[in-house]
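# Descriptive analysis of the structure
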Amino acid sequence: MPLFFNFIQLRFLDIIDILLVATLLYYIYKLIRGTAAINIFIGIVMIYGVWQLTKALDMLMLSTILGEFIGVGMFALIVVFQQEIRKFLLMVGSTNIKSRKRFLSQLKFLRDNEAEIATNVAAIIKACENMSISLTGALIIIKRNTSLDFVKNSGDHMNVEINVPILESIFYKNSPLHDGALIIEENQIIATRVIIPVSGDINIPARFGLRHRAAISITQKTDALALIVSEETGQISYINNGEFVPYKTPKALIEQLNKDLS
């Protein structure tokens, strides 16, 4: 073996270690994909890779500088990734067995994404389009990994399969169930009239009301997705990770939702 590679001595446990780290990095990437934090994450991975390379090549000065930077930077990361760390810990510590199984399934690199999507996204978007035309306000929360029991228990429990007429009837203006949020898990409506706590530090334009603030709040605290139909304008908004996700057509929105649920 060439002298340049003499420092590489791989054991079986080293291979397992590399695979576990790669799996962890992959899951972290999926957790922050589509957010502003993704650029910070990629930058950190690149700096760490350069640091390890300089250590392996005995470039003492550069490796020392990068090592000090990474050591101090760990404290800054806790602040920068506060929301992501919170979501990660919520998913790991969830007492919901079904959520744990889905959490573990996220760690698989190779899987059939389409086969795992149980939620009837097309029916949800069709109902939102109909409510948009009639200016019917709606707030729909779609659960992913994080348990939503802490808000679900504030509403009325249901166990109804998703379909367009049911969704429209729940949010009909004279319906006793139209106030509050609706929570969807898999392909079931599991709760209506749910009260979503709103954080006081949310800054959004004045044209957006309480539904939008509630959607931003719940998607910041958990990995849930939110759809809002404005009662004033009929606009359909999609929020993921506390941010408005732009889309051009209902078909594009369906594709984006399926991607985020996969």
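See above for the structure.
Read on for an overview of the structure. (Residues numbered from 1 in each chain as written. Predicted model: local features only at pLDDT ≥ 70, side-chain atom pairs only at ≥ 80, totals over all residues. Heavy atoms only, no water.)

### Regarding the packing of aromatic side chains
Heads up, the condition is: For Phe, Tyr and Trp, where Trp contributes only its six-membered ring, two rings pair if their centres lie within 6.5 Å, and the inter-plane angle classes them as stacked under 30 degrees, edge-to-face over 60, or tilted in between. Sitting over a ring, as applied to charges here, requires NZ of Lys or CZ of Arg to be within 6 Å of the ring centre and within 35 degrees of the ring normal.
Inspection of the entire model under this criterion finds 0 aromatic pairs. In this arrangement the basic side chain of lysine 55 is found over the ring face of tryptophan 51, its NZ or CZ atom lying 4.7 Å from the centre.

### Details of the nonpolar core
Basically, it comes down to this: Buried residues of nine kinds, namely Ala, Val, Leu, Ile, Met, Phe, Trp, Tyr and Cys, make up a nonpolar core once their side-chain atoms join them within 4.5 Å. Each residue's exposure class comes from its accessible area (1.4 Å probe, protein chains only) as a fraction of the maximum for that residue type: buried when under 20%, exposed when over 50%, partly exposed otherwise. Helical segments are the DSSP runs of H or I of at least four residues, strand segments are the runs of E of at least two, and each set is numbered from the N terminus. In what follows, residue pairs with any heavy atoms lying within 4.5 Å of each other are defined as contacts.
Residues Ile124, Cys128, Ile140, Ile142, Leu182, Leu227 and Leu257 are the most contacted members of the largest nonpolar core, which totals 26 residues. Those elements that provide at least two residues to this core are helix 7 (121-133), strand 1 (138-142), helix 9 (164-170), strand 3 (181-185), strand 5 (225-229), strand 6 (236-240) and helix 11 (250-261). Per-element tally for this core: the top contributor is helix 7, with 7 residues. Leaving out residues up to four positions away in the same chain, isoleucine 142 has contacts with Ile124, Ile184, Ala224, Leu225, Leu227, Leu257 and Leu261. Ile141, Val151, Ile196 and Ala215 belong to the second-largest nonpolar core, a separate cluster that totals 20 residues.

### Some details on the environment of isoleucine 228
Here isoleucine 228 is to be found in strand 5. Residue isoleucine 228 is classed as buried on the basis of its relative accessible area, which comes to 0%. For the pair isoleucine 228 and alanine 138, spaced 90 residues apart in sequence, the C-alpha to C-alpha distance is 5.5 Å. Those residues within four positions of isoleucine 228 in sequence are excluded, and the remaining contacts are Ala138, Leu139, Arg211, His212, Ala215, Gln235, Ile236, Ser237 and Ile239.

### Side note on the pattern of salt bridges
As a reminder, the rule being used: By definition here, a salt bridge exists when the distance from a side-chain nitrogen of Lys or Arg to a carboxyl oxygen of Asp or Glu is within 4 Å.
Enumeration according to the criterion identifies 3 salt bridges in this entry. Here lysine 152 ties to aspartate 149 by a salt bridge, and the two come within 3.0 Å at their closest N and O atoms. With a gap of 3 residues between them, lysine 152 and aspartate 149 both fall in helix 8 (residues 149-152), about one helical turn apart. By relative accessible area, which is 29% here, aspartate 149 ends up partly exposed. Measuring nitrogen to oxygen at the nearest pair gives 2.8 Å for the salt bridge that ties aspartate 156 to arginine 193. One end of the pair, aspartate 156, is in strand 2 (residues 156-161); the other, arginine 193, is in strand 4 (residues 188-194), with 37 residues separating them in the sequence. Note on aspartate 156: relative accessible area 28%, which makes it partly exposed.

### Things to note about the environment of isoleucine 195
Tracing the sequence through the fold places isoleucine 195 in the loop between strand 4 and helix 10 (210-221). For isoleucine 195, a relative accessible area of 59% corresponds to the exposed category. Residues isoleucine 195 and leucine 182, 13 residues apart in the sequence, show an inter-C-alpha distance of 9.3 Å.

### Here's the deal with the side chain of threonine 54
Our working rule: By the criterion applied in these results, polar contacts are pairs of N or O atoms within 3.5 Å in which, for protein atoms, one can donate a hydrogen and the other can accept it, and in which residues neighboring in sequence qualify only through two side-chain atoms.
Looking at the element boundaries, threonine 54 is found in helix 2 (residues 37-56). At 2.7 Å, the side chain of threonine 54 and the backbone oxygen of tryptophan 51 are in polar contact.

### Focus on the packing of helix 7 against helix 11
We apply this condition: The convention used is that axes are lines fitted to C-alpha atoms, helices contributing only their stretch in contact, and that angles between N-to-C directions extend from 0 to 180 degrees. Every angle not falling under 35 degrees, over 145, or within 65 to 115 is termed oblique; those three ranges are roughly parallel, roughly antiparallel and roughly perpendicular. Take the far helix as the reference: if the near one is turned anticlockwise from it by less than a right angle, the crossing is left-handed, and if turned clockwise, right-handed. All amino acids are sorted into three groups, where Ala, Val, Leu, Ile, Met, Phe, Trp, Tyr, Cys and Pro are nonpolar, Asp, Glu, Lys and Arg are charged, and the leftover types, Gly among them, are polar.
Close contact between helix 7 and helix 11 brings their axes to 10 Å; oriented N to C, the two are set at 140°. On the basis of the axis angle, helix 7 is oblique to helix 11. As for how helix 7 packs across helix 11, the hand of that crossing is right-handed. Residue-level inspection shows Val121, Ala122, Ile125 and Glu129 of helix 7 in contact with helix 11, the latter providing Pro250, Leu253, Ile254, Leu257, Asn258 and Leu261. Partitioned by chemical class, the residues of the contact of helix 7 with helix 11 number 8 nonpolar, 1 polar and 1 charged.

### A word on the side chain of histidine 212
Within the secondary structure layout, histidine 212 lies in helix 10. For histidine 212, a relative accessible area of 5% translates into the label buried. Those residues in contact with histidine 212, other than ones at most four positions away along the chain, are Ile204, Ile228, Ser230, Ser237, Ile239 and Phe244.

### A closer look at helix 11
Rules: By this rule, a helix spans an expected 1.5 Å times one less than how many residues it contains. Taken from the helix axis, the directions to the C-beta atoms give the arc we talk about.
Its 12 residues give helix 11 an end-to-end C-alpha distance of 16 Å, which sits within 8% of 16 Å, the value for a rise of 1.5 Å per residue. Here helix 11 has its buried residues at Leu253, Leu257, Asn258, Asp260 and Leu261. Along the axis of helix 11, the buried residues cluster in a sector spanning 165°; they form a single face. Relative to its buried face, helix 11 has exposed residues pointing more than 90 degrees away, namely Lys251 and Glu255.

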